[in-house]
Amino acid sequence: MGSSQQAGWCKKATSPANARATLKVVRKTTYTIVLLTITMITGAAEIKRVSATAGSSSVLTCTPKSVITTVTWKISPKVGGPCSLGYRADHNTTDRTNCSDSINWKRTPDRDPTLEIQQVGTAHEGNYTCEVVAVDGNFHETYHLTVLVPPRLTLYCDDHGNPVCEAAAGKPAAQISWVLESNSTHMEEGHNNGTVTVLSKFTAYGTNVTDTTCTVSHPAGNWSQSIACHRSRSNLWLLRCVISLASLLGLLLGLLFFISAPSRVAGQ
């Protein structure tokens, strides 16, 4: 009996391999539960991406509820400090903190907490979150605002008679194409305010007059301009000189080859 009790008391300890396997299962289960919880929490806070053209107005809606207690717009721009707009139903009051006059309620917040941004500029880019406390629960919506800056289109002929198309200070960078495709070179220059200037030079060979159309594509719109450029006489003269010299060189090489041919035959 003593040996039986001793066998019951002295059970074999769990091996380190089994302990590690059990711990691994527990970790995976915990990780899955945490991930599902985060997904459930952030699912309602999905960021909605919107864009607006510089100089226009942007309207960000916030789902109205039947009985609102408080509404708060929290704004985190890329440039400058955060600001907020708030409304309290119990006092029927609104307040603002660090927000410019261009950001305001579109209507009365007790009925419609929609936000309006007038004269949108690049400084307005950033995240906008509306938080609503109502009788039937708490709600929030988040927007990420991107500001589009249309480029300034300029089309001209350079000193060599080549068409040059410039899309200046656009955001994002514009795309330039030519109706008559030929050799073209593109250059980009970024600016401190986030805009980009794109320059494209069109080069056509074998003609004195280049008549073409430049097309600029941008999320804020598309534009086209046409131009006819005449090559300067100095360039034509230089081109003719190069062609004449090349022809003369070829003729001299051929003549030398013809003269040296009999001597090579005699030497053999």
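Note that the coordinates shown come from a computational prediction; the quantities given were computed from them, not determined experimentally.

Rules used throughout
- Residues numbered from 1 in each chain as written.
- Predicted model: local features only at pLDDT ≥ 70, side-chain atom pairs only at ≥ 80, totals over all residues.
- Heavy atoms only, no water.
- Phe/Tyr/Trp six-rings, centres within 6.5 Å; stacked < 30°, edge-to-face > 60°.
- Helix = DSSP H or I, 4+ residues; strand = E, 2+ residues; numbered from the N terminus.
- Buried < 20%, exposed > 50% of the residue type's maximum accessible area, 1.4 Å probe, protein only.
- Disulfide = S-S within 2.5 Å.
- Core = buried A, V, L, I, M, F, W, Y, C linked by side-chain atoms within 4.5 Å.

Student: Could you give me a rundown of the packing of aromatic side chains, with the residues and numbers involved?
Tutor: Geometry of an aromatic ring pair is reported as the spacing of the ring centres plus the angle between the planes. In the structure shown here, the tally under the stated rule is two aromatic pairs. Measuring from centroid to centroid gives 5.1 Å for Trp178 and Phe202, while their planes differ by 50°, and the two rings are tilted. Residue Trp178 is located in strand S12 (residues 175-178), and its partner Phe202 is located in strand S14 (residues 196-203); the two are separated by 24 residues in the primary sequence. Phe202 gets classed as buried once you look at its relative accessible area, which sits at 2%.

Student: I'd like a description of the state of the cysteines, backed by residues and values.
Tutor: Under the defined criterion, the tally for this structure stands at four disulfides. Residue pairing for Cys165: its cysteine sulfur links by disulfide to Cys214, the two sulfurs lying 1.8 Å apart. Residues Cys165 and Cys214 are joined through a disulfide that is left-handed, its torsion about the S-S bond being -60°. Residue Cys165 is found in strand S11 (residues 163-170), and its partner Cys214 is found in strand S15 (residues 209-218); the two are separated by 49 residues along the sequence. Note on accessibility: Cys165 and Cys214 belong to one class, buried. Ordinal numbering of bonded cysteines along the protein chain defines a disulfide pattern of 1-4, 2-3, 5-8, 6-7.

Student: Outline the nonpolar core, supporting the account with residue identities and numerical values.
Tutor: Trp73, Ile103, Leu115 and Tyr128 are the most contacted members of the largest nonpolar core, which has 23 residues in total. Contributing elements (two or more residues each) for this core: strand S3 (68-77), strand S4 (83-88), strand S6 (103-105), strand S7 (115-117), strand S8 (126-134) and strand S9 (137-148). Grouped together as the second largest cluster of nonpolar side chains are 15 residues, Cys165, Ala204, Cys214 and Val216 included.

Read these as geometric descriptors, not functional statements.
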